[in-house]
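# Structural features, examined
This is what each chain is made of:
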Amino acid sequence: MTIELNNLTLIYDKHPAVHHLSAAIEGGDLLAIVGPNGAGKSTLLNALAGLRTVEQGKITGLNPDDVAYLPQQTQIDRSFPLTVTELVATGLWQRIGFHQSIGNKHQTQCEQAIAAVGLKGFEQRMINTLSGGQMQRVLFARVLLQDRPIVLLDEPFNAIDAQTIADLTRVIQCWHKDQRTVVMVSHDLEYVRQHCPKTLLLAREPIGFGSTQDVLTTDNIKRAQGMVEAFDESAPWCRKEAA
Amino acid sequence: MMELIEPFTEYAFMQRALVGSLAVCLGAVPVGVFMTLRRMSLTGDAMAHAILPGAAIAYLITGISLIGMTIGGLAAGLLVVALSGWVSRSTHLKEDTSLAAFYLISLALGVLILSIKHSNLDLFHVLFGNILALDNAALLLLASICSISLFLFALLYRPLVIECVDPLFLRRSGIASALAHYGFLGLMVLNLVAGFHAVGTLMAIGLMILPAAAARFWVTKLDHTLITAVVFSFTGCYVGLLTSYYFDLPAGPSIVLALGTLYIVSLIFGGEGGYIKRVTSKRHLEA
């Protein structure tokens, strides 16, 4: 299923954070969203996750129930007294809801997910005793358990060591092989060149979209870096046609 | 030894007090555990003040009526929850500010209404409860609130846990996030109203928070914390009632002080981050 972004504009206080973006994300794509700070990458991901309203334009072909979304870690209360297994099991929520019991099948899936991210033996550890890298492994295990056709990752490898990145990249590659659509925000151009076939280069305006090789050219990157981070308070109203 | 049981075998009012306070604890303490985990201890305190005018208006209309004051308290509490939730979701004010605004309006209104009827004794009753004078109707009410509360708590347990750890995760599942948030505040109001019949509006929150805070110095897992806190609260009620009986002290404050003592003991001697443990255990393993 193709996700169509049709002349999409996302706004903060009248200023565009993402400006007239059109792109088609095909089913099974492994797409990187790249761009400087303030370029609208996380805002776009939030919109795809259904967490913010779309002010102008349209996103079609995206059912919010099909999405597993991994935001940046700062959103999570690490002091809450849960074990690794318990946190991973919250990934079952969409399937079991308020009252369905966690059966043997679910327990096995849970164990498999924890093993797949290399955390065997950590099942009963409290989450407040984990390192940043281990916590990211736990959150990947939860995404595994959610088992959705579309996976959104917001800077998943921020402040994570090389070994963890290598292990979790294998998980991402498995998703890609399973024909899941994976969209990840990243600042690491080298990583994107190596692992993501497609890239969207964003600087509020879309600078380039397509195969990573074509998009991440020196020219394009320079153009993206030229984006002025501060909003222009005296900017005139945008007259471009809405979709 | 007999002194420890005798008051409860000899006097019906002590039996009722014990059963009533245990019912309040069973319903309220699990909610209290989540309040401490969500850093909402003081929100609870604000809410306890917010239910005062509801009880006061009901008191003006119906006199000291159990049902009337319960409904009044619930209505005022839920109104404040709804209004402050609505303001924080639809304006730029954060929830703590909007809650503080509404609870202060509510509290001022409550004190004003109570002063119209000029009877200090009645005011005392609302502020400090009357656990030693529970009749059958009151006991039934406390038991019902306890049952409803436990049922709702079980129903909301999963979304509540997720909402605490990772609110964004739940917000994507639509209605569940709002249900967990408002449902929890509703549970808080329900149990505060039950608590105010027992130990009064101002101390009801102590019944919820103190056992929860104490339990966290002994155990780490969530399920263990819930059970330990309930056991602590039972102990506090029992000891508090006994103290109040033998030393002729008011029951509400005695119970809360017993719980407070338990908290301070835990703070010092607790095996999970208690003071002594932290000072003395500097030994470490090789790997």
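Quantities reported herein were computed from a predicted structural model and do not represent experimental measurements. (Residues numbered from 1 in each chain as written. Chains lettered and ligands numbered in written order. Predicted model: local features only at pLDDT ≥ 70, side-chain atom pairs only at ≥ 80, totals over all residues. Heavy atoms only, no water.)

## Here's the deal with the overall build of chain B
Along its length, chain B carries 14 helices and 0 strands. For chain B, the α and β elements follow one another from N to C terminus as α-α-α-α-α-α-α-α-α-α-α-α-α-α. What you see for chain B is a C-alpha radius of gyration of 20 Å, in line with the 19 Å of a compact globule of 287 residues. Counting every position in chain B, which comprises 287 residues, the buried fraction comes to 52%. In the form shown here, chain B has an accessible surface area of approximately 13,600 Å², with 71% of it arising from carbon and sulfur atoms. Of the side chains in chain B, 15 bear a positive and 14 a negative charge, and the two mean positions are spaced by 14 Å. (Helix = DSSP H or I, 4+ residues; strand = E, 2+ residues; numbered from the N terminus. Rg over C-alpha atoms; globule rule 2.2 N^0.38 Å. Buried < 20%, exposed > 50% of the residue type's maximum accessible area, 1.4 Å probe, protein only. Areas by Shrake-Rupley, 256 points an atom, 1.4 Å probe, with all protein chains shown as cover. Lys, Arg positive; Asp, Glu negative; His and termini not counted. Charge placed at Lys NZ, Arg CZ, Asp CG, Glu CD.)

## A few points about a nonpolar patch on the surface
Residue and element names in this part refer to chain B. A contiguous nonpolar surface patch, about 790 Å² in accessible area, is contributed by W218, I264, V265, L267, I268, F269, Y275, I276 and V279. Going through the elements one at a time, α13 (251-269) and α14 (275-280) are the ones with two or more residues in the nonpolar patch. It is α13 that provides the largest number of residues to the nonpolar patch, a total of 5 residues. Looking at the element boundaries, I264 is found in helix α13. Look at I264 and you get partly exposed, because its relative accessible area is 47%. (Patch = residues over 30% accessible without salt bridge, like charges linked within 9 Å, V, L, I, M, F, W, Y side chains within 5 Å. Salt bridge = Lys/Arg side-chain N within 4 Å of Asp/Glu carboxyl O.)

## A short note on the interface of chain A and chain B
Each side of the interface is counted separately: chain A has 32 residues, and chain B has 25 residues. Looking at the side of chain A facing chain B, the largest losses of area belong to F80(A), W93(A) and F98(A), adding up to 31% of the total buried there. Across the contact surface, chain A and chain B share 2 salt bridges. Looking at the side of chain A that touches chain B, the elements with two or more residues in it are β5 (67-70), α3 (93-96) and α5 (132-146) of chain A. (Contact = heavy atoms within 4.5 Å. Buried area = accessible area lost by both parts, 1.4 Å probe.)

## Side note on the environment of L42(B)
All names here are of chain B. Its place among the elements puts L42 in helix α3 (residues 41-50). Looking at L42, the relative accessible area reads 69%, which means it is exposed. Along the backbone, L42 and D96 are 54 residues apart, and their C-alpha atoms lie at a distance of 9.5 Å.

## Topic: the sheet that holds strand β4 (residues 56-60) of chain A
Residue and element names in this part refer to chain A. With antiparallel pairing, the 3 strands of this open sheet are ordered in space as β2-β1-β4. Each edge of the open sheet carries a strand with a single partner, namely β2 (15-25) and β4. Across this sheet, the average inter-strand angle for adjacent strands is 25°, counted without regard to direction. In terms of strand pairing, strand β1 (residues 3-12) meets β4 through 4 bridges, oriented antiparallel. (Pairing = 2+ DSSP bridges. Axes fitted to C-alpha atoms, helices over the stretch in contact; angles between N-to-C directions.)

## Some thoughts on the packing of helix α1 (residues 2-10) of chain B against helix α2 (residues 12-37) of chain B
Residues and elements named next belong to chain B. In contact at an axis separation of 5 Å, α1 and α2 are set at 105° when each is read in the N-to-C sense. Between α1 and α2, the interaxial angle falls into the category roughly perpendicular. When α1 is examined against α2, the residues P7, F8, T9 and E10 are found in contact with a partner set consisting of A12, M14, Q15 and L18. Residues of the contact of α1 with α2, tallied by class, amount to 5 nonpolar, 2 polar and 1 charged. (Parallel < 35°, antiparallel > 145°, perpendicular 65-115°, else oblique. Nonpolar A, V, L, I, M, F, W, Y, C, P; charged D, E, K, R; others polar.)

## Digging into the side chain of T169(A)
All names here are of chain A. With respect to the helices and strands, the residue T169 is situated in helix α6 (residues 162-177). Looking at T169, the relative accessible area reads 5%, which means it is buried. A polar side-chain atom of T169 sits 2.8 Å from a polar atom in the side chain of Y191. Not counting residues within four places of it along the chain, the set of residues in contact with T169 comprises F157, Y191 and H195. (Polar contact = N/O pair within 3.5 Å; in protein donor to acceptor, adjacent residues only side chain to side chain.)

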